[in-house]
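Survey of secondary and tertiary structure
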Amino acid sequence: MADDLSRPVQARLDAAQPRHDWTLEEVEALFARPFMELVFDASTVHRRWFDPNQVQKSQLLSIKTGGCAENCGYCSQSASFKTGLKAEKLMEPSAVIAEAMAAKAGGASRFCMGAAWRDLKDRDTPKLAAMISGVKALGLETCATLGMLTADQAKQLKDAGLDYYNHNLDTGPDYYAEVVTTRSYQDRLDTLEHVRDAGMSTCCGGIVGMGEARRDRAGLLHALATLPVHPDSLPVNALVPVTGTPLGERVLKTGEIDPIEFVRTVAVARLVCPKAMVRLSAGRETMSPELQALCFLAGANSIFVGGKLLTTPNPEQDEDARLFALLDLQPMPVGAPDQATAS
Ligand code: SAM
Ligand code: DTB
Ligand code: SF4
């Protein structure tokens, strides 16, 4: 029998309208719903705003690798942990643009440039502007994740042609101190404000499976759903356990998050931020096609493609081609998500 939150179709569609007044208790109640009801509602809301057969392909490139001053407890790139990763300096714009061309040829419609920085330094801005404008000129959507930004830096990146800026809250506010101590939740919220004020779209989500409780996952989604503007793109990462990092080591001992709980997180993300691109991000390498299909049914509509994320493995192109064929999925064309922005 359906639970007491069951209601007629029109009420479900009304629920698809974005809300910014979610309470933490309401978000927790969504997590606690019978799984079939939760996924059905998330799927209904997904269809209100998106074609359920379209999934966006985005490709990542680490433009500056390792040696990072932050101590994010999951990260292969923090200088605080011995992960065996070789640090590399900022790439030249021509090399980045060549990688973006290859990504486009492989079917990606968005290209995301990631740097292992605590914050952007003004001396690097001209190189970044050249990369961004070069990638944009290829007809790709542009995204970057470069750490904290000032208001001025955000404007400069926007002027160079940057469409999206990725800056994650990572987890709920109560678990945050278990994850990173070198920057605060408020620091992250400030950067997001600068990004919005500069007129860029925000890409903001977090990681699940770091040993947090369901209440922390609800806390993350509550924080995202009560932002002044919902994230335009909401990455849900499953922790990729990296040897040598405190959180990776812990999870290697205790085991990964329950896959059904992961799907619940995707579904709740779709329900509380109905117009966001919900990105099935890190962690796909170890997910079965069936689990990924459930995530798409629950409202995920974007993935990272190519055999590498920033520093860790991701399914190869041919594996994702099989997944798309198996599930009759079509790649989302450039610009398609724009109809869903402005929440
Ligand atoms: N340094 C910038 C920053 O942290 O804002 C940008 C790069 S950082 C690698 C981008 C995001 O990747 C992080 O915020 C985190 O959510 C995610 N991430 C990093 N390592 C991860 C891992 N091992 N598993 C899952 N997600 C991860
Ligand atoms: C995000 O939320 N996930 C992506 C993107 N934003 C930059 C990064 C995932 C990184 C996974 C670990 C690695 O490859 O280093
Ligand atoms: Fe640095 Fe970003 Fe990794 Fe944190 S997540 S250590 S800020 S690269």
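The rules behind each value
Residues numbered from 1 in each chain as written. Chains lettered and ligands numbered in written order. Predicted model: local features only at pLDDT ≥ 70, side-chain atom pairs only at ≥ 80, totals over all residues. Heavy atoms only, no water. Helix = DSSP H or I, 4+ residues; strand = E, 2+ residues; numbered from the N terminus. Expected span 1.5 Å × (residues − 1). Buried < 20%, exposed > 50% of the residue type's maximum accessible area, 1.4 Å probe, protein only. Contact = heavy atoms within 4.5 Å. Near = heavy atom within 4 Å. Polar contact = N/O pair within 3.5 Å; in protein donor to acceptor, adjacent residues only side chain to side chain. Areas by Shrake-Rupley, 256 points an atom, 1.4 Å probe, with all protein chains shown as cover. Nonpolar A, V, L, I, M, F, W, Y, C, P; charged D, E, K, R; others polar. Core = buried A, V, L, I, M, F, W, Y, C linked by side-chain atoms within 4.5 Å. Axes fitted to C-alpha atoms, helices over the stretch in contact; angles between N-to-C directions. Parallel < 35°, antiparallel > 145°, perpendicular 65-115°, else oblique. Left-handed = near helix turned anticlockwise from the far one by under 90°. pLDDT = per-residue confidence, 0-100. UniProt positions renumbered as here; feature names shortened; annotations may be inferred. Salt bridge = Lys/Arg side-chain N within 4 Å of Asp/Glu carboxyl O.

1. Remarks on unusual backbone geometry
Even without being glycine, Asp170 reaches a positive phi, approximately 75°. Note that Asp170 resides in the loop between β4 (164-166) and α7 (176-179). Even without being glycine, Asp328 reaches a positive phi, approximately 55°. Tracing the chain through its elements places Asp328 in the loop between α13 (317-326) and β10 (330-331).

2. Quick look at helix α5 (residues 125-137)
An ideal rise of 1.5 Å per residue puts 18 Å on 13 residues; α5 measures up with 18 Å between its terminal C-alpha atoms. Here α5 has its buried residues at Thr125, Leu128, Met131, Ile132, Gly134 and Val135. Contact partners of the buried residues in α5: β1 (54-64), α4 (93-105), β2 (110-115), β3 (141-145) and α6 (151-160). A positive backbone phi angle near 90° is found at Gly139, which sits one or two residues after α5.

3. Focus: the site of ligand 2
Taken together, 13 residues are adjacent to ligand 2, and Asn168, Asn237, Leu310, Thr311 and Thr312 come closest. One of the backbone N or O atoms of Leu310 is found 3.0 Å from an oxygen atom in ligand 2. Across the complex, the protein chains shield 87% of the 410 Å² of accessible surface that ligand 2 would expose by itself. Classifying every residue of the shell around ligand 2 gives six nonpolar, seven polar and no charged.

4. With respect to the nonpolar core
Counting 90 residues, the largest nonpolar core has Ile63, Leu146 and Leu157 as the members making the most contacts within it. Take this core: its biggest share by element is eight residues, from helix α11 (residues 259-272). The contacts of Leu157, once residues within four sequence positions are left out, are Leu120, Leu128, Ile132, Leu146, Leu149, Leu162, Tyr165 and Met200.

5. Side note on the packing of α4 against α5
Running from amino to carboxyl end, α4 crosses α5 at an angle of 25°, the nearest separation of the two axes being 9 Å. By the angle between their directions, the pair α4 and α5 is classed as roughly parallel. The interaxial crossing formed by α4 with α5 has right-handed handedness. Residues Pro93, Val96, Ile97 and Ala100 of α4 form the contact with α5, whose participating residues are Lys127, Ala130, Met131, Gly134 and Val135. Here the contact of α4 with α5 is built from residues that sort into seven nonpolar, one polar and one charged.

6. Details of the site of ligand 1
Among the 16 residues in the neighbourhood of ligand 1, the closest are listed as Ala115, Thr145, Asn168, Asp170 and Val240. Ala115 has a polar backbone atom sitting 3.1 Å from a nitrogen atom of ligand 1. In the model, a nitrogen atom of ligand 1 is placed 3.2 Å from a nitrogen or oxygen of the Trp117 main chain. Here the shell around ligand 1 is built from residues that sort into nine nonpolar, five polar and two charged.

7. Thoughts on the confidence of the model for the protein
Per-residue confidence for the protein gives a mean pLDDT of 93; residues scoring 70 or more make up 93%. A low-confidence stretch, residues 1-6 stays under pLDDT 50, and its non-local contacts, those more than four residues away or across chains, total eight contacts. In the model, residues 338-343 has pLDDT below 50 throughout and makes 14 contacts with residues more than four positions away in sequence or in other chains.

8. Some points on the UniProt feature "domain: Radical SAM core" (unreviewed entry) in the protein
When the UniProt feature table is mapped onto this chain, "domain: Radical SAM core" (unreviewed entry) is found at residues 53-275. Taken end to end, residues 53-275 is 39% helix and 17% strand, and its two terminal C-alpha atoms sit 16 Å from one another.

9. Looking at the side chain of Thr125
Tracing the backbone through its elements, the reader meets Thr125 in helix α5. Ignoring sequence-local partners within four residues, the contact set of Thr125 consists of Leu120 and Gln156.

10. Side note on the pattern of salt bridges
One side chain can pair with another of opposite charge once the charged atoms of both are near each other. Evaluation of the coordinates by the stated rule reveals 17 salt bridges. The residue Glu70 makes a salt bridge to Arg183 at a minimum N-O spacing of 3.8 Å. Residue Glu70 is located in the loop between β1 and α4, and its partner Arg183 is located in the loop between α7 and α8 (185-197); the two are separated by 113 residues in the primary sequence. Judged by its relative accessible area of 1%, Glu70 is buried. Its relative accessible area of 10% is what places Arg183 among the buried residues. One network of salt bridges, with partners in common, ties together Glu212, Arg214, Arg217 and Glu261.

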